[in-house]
Amino acid sequence: MNVLEINQLTKKFGQFIAVDGVSLAIMEGEIFGFLGANGAGKSTTINMIAGLLKISKGEIKLLGKDLKRNSKYVKKNIGLVPQDIAIYEDLTALENVKFFAGLYGLRGNELNKNAIEALDFVGLGDKQKSYPKSFSGGMKRRLNIACAIAHQPKLIIMDEPTVGIDPQSRKHILESVKKLNSNGCTIIYTSHYMEEVEAICSRIAIIDHGKVIAEGSKEQLISLITDAKDIQVEVKDAADFDLKEVNELNGVRSVQTEGNVIQIYSDAEVNNLNEIILHFMKKKVEIRSLKENAPNLETVFLTLTGRKLRD
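No experiment lies behind these values; they were computed from the predicted model shown.

## Remarks on helix H5 (residues 137–149)
Since the α-helix turns once every 3.6 residues, residues separated by three or four places project in the same direction.
Moving on, step 1. With 13 residues, H5 ought to run about 18 Å at 1.5 Å a step, and its terminal C-alpha atoms sit 19 Å apart, in line with that.
Moving on, step 2. Across the 13 residues that make up H5, a large majority, twelve, are buried.
Moving on, step 3. All of the buried residues along H5 are Gly-138, Met-139, Lys-140, Arg-141, Arg-142, Leu-143, Asn-144, Ile-145, Ala-146, Cys-147, Ala-148 and Ile-149.
Moving on, step 4. Where the residues of H5 are buried, they touch strand S6 (78–81), helix H3 (93–102), helix H4 (108–121), strand S7 (155–159) and helix H6 (167–182).

## Structural notes on the nonpolar core
Moving on, step 1. Residues Val-97, Leu-143, Met-158, Ile-187 and Tyr-189 are the most contacted members of the largest nonpolar core, which totals 50 residues.
Moving on, step 2. Among the elements that take part in this core, H5 stands out by supplying seven residues, more than any other.
Moving on, step 3. Once you skip the residues sitting within four places of it in the chain, Val-97 turns out to touch Ala-115, Ala-118, Leu-119, Leu-143, Ala-146, Cys-147 and Ala-150.
Moving on, step 4. The next biggest cluster of nonpolar side chains, apart from the first, holds 25 residues, and it includes Phe-32, Val-74, Leu-155 and Ala-205.

## Details of the domain arrangement of the protein chain
Moving on, step 1. When cut into domains, the protein chain gives domain 1 (2–222) and domain 2 (227–294).
Moving on, step 2. Each of domain 1 and domain 2 has a C-alpha centre, and the two are 38 Å apart.

## A word on H6
Moving on, step 1. When the terminal C-alpha atoms of H6 are compared, their 23 Å separation across 16 residues agrees well with the 22 Å that a helix rising 1.5 Å per residue should span.
Moving on, step 2. Regarding H6, the residues found buried are Ser-169, Arg-170, Ile-173, Leu-174, Ser-176, Val-177, Leu-180 and Asn-181. Projected down its long axis, H6 carries its buried residues within an arc of 155°, all on one side. Among the exposed residues of H6, those oriented more than 90 degrees off its buried face are Pro-167, Gln-168, Lys-171 and Ser-182.
Moving on, step 3. Looking at the buried positions of H6, the neighbouring elements they touch are strand S3 (31–35), H4, H5, S7, strand S8 (186–190) and helix H7 (194–200).
Moving on, step 4. Looking at where H6 begins, the residue whose side-chain oxygen comes 3.2 Å from the main-chain nitrogen of Gln-168 is Asp-166.
Moving on, step 5. Just downstream of H6, Gly-184 is the residue with a positive phi angle, here 110°.

## Some words on the pattern of salt bridges
Moving on, step 1. Applying the stated criterion across every chain, the model contains eleven salt bridges.
Moving on, step 2. A salt bridge links Asp-20 to Lys-211; its shortest N-O distance comes to 3.1 Å. On the criterion of sequence distance, the pair formed by Asp-20 in strand S2 (residues 16–27) and Lys-211 in strand S10 (residues 211–216) is long-range, its members being 191 residues apart.
Moving on, step 3. Taking the relative accessible area as the measure of exposure, Asp-20 reaches 27% and is therefore partly exposed.
Moving on, step 4. Relative accessible area serves as the criterion here: at 42%, Lys-211 is assigned to the partly exposed category.
Moving on, step 5. For the salt bridge of Arg-288 with Glu-286, the shortest nitrogen-to-oxygen distance reads 3.4 Å.
Moving on, step 6. What emerges from the salt-bridge pattern is a single network uniting Glu-30, Arg-203 and Glu-215.

## Quick notes on the UniProt feature "domain: ABC transporter" (unreviewed entry) in the protein chain
Moving on, step 1. Per the UniProt record, "domain: ABC transporter" (unreviewed entry) is annotated on residues 4–234.
Moving on, step 2. In the segment residues 4–234, helix accounts for 35% and strand for 29%; the C-alpha atoms at its two ends are 44 Å apart.

## A look at the environment of Gly-306
Moving on, step 1. Summarising the element assignment, Gly-306 is placed in the segment after helix H11 (297–305).
Moving on, step 2. Overall, the relative accessible area of 47% leaves Gly-306 in the partly exposed class.
Moving on, step 3. For the pair Gly-306 and Ser-254, spaced 52 residues apart in sequence, the C-alpha separation works out to 7.3 Å.

Reading the values: the criteria
Residues numbered from 1 in each chain as written. Predicted model: local features only at pLDDT ≥ 70, side-chain atom pairs only at ≥ 80, totals over all residues. Heavy atoms only, no water. Helix = DSSP H or I, 4+ residues; strand = E, 2+ residues; numbered from the N terminus. Expected span 1.5 Å × (residues − 1). Buried < 20%, exposed > 50% of the residue type's maximum accessible area, 1.4 Å probe, protein only. Contact = heavy atoms within 4.5 Å. Core = buried A, V, L, I, M, F, W, Y, C linked by side-chain atoms within 4.5 Å. Domains from an automatic or database assignment. Arc of directions from axis to C-beta. Polar contact = N/O pair within 3.5 Å; in protein donor to acceptor, adjacent residues only side chain to side chain. Salt bridge = Lys/Arg side-chain N within 4 Å of Asp/Glu carboxyl O. UniProt positions renumbered as here; feature names shortened; annotations may be inferred.

Written as structure tokens, this is what we have:
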């Protein structure tokens, strides 16, 4: 059964097409990864699904009901964890959750019960009467999740829920996502941390320039680029190194740097490792280490879009 169906979804801002004919079907019980670099159309798509942006063209159906004709029903069955933390600093944790759950029609004992359960779920059960201004970034993120799940939606959209938090909070949130899913929730998950998507998502879609350019399991996506390889060269100092010259070497598709690590994506069938090493030697660049990695989701993303997820 499909929880969410998106058909030819389009969003225009004047003459600019931010989302261009996106079609997706998300099945019940999935954790569906939705990947796109900044400006790719990911957030615009999510905001249309959540009913926060008007659709220019196309349709969105949740549990078979069209968003345009059943907006209250659709919104009631969607929980949104936004990238920007949406909580009130002058309300206690419990008051925050009750406020947002109340917007979905919960009242009385049910409202109080669900709010307490949501705080317990995210590990903030002992912070009911505390104010968010005293919380760490990770605790605020967890409160954000509690606010989105207290009304027990069928579909939860998590837009960058772990951005800018400590490793312990990130681990707690990822475990919460898995637990929500095991409890029957369908989840759309976006992140700039590729390792998170690889770890928890059953299927993944990549959007670029407003279009979905690839969709499938991690294994299916990796199989799309069996013709690519990833070479990582760690050097003593990459500050003044000319990447354009490496990009012109035989078989090289793209070159990126992270600190002193130079990442080279190349055609798998081209045996150019000696040529790459020779180029570094000619430029008198000291190589600290060199390794060739098997293709992963990061390789797929860069090969298909020409840029890294965090660009």
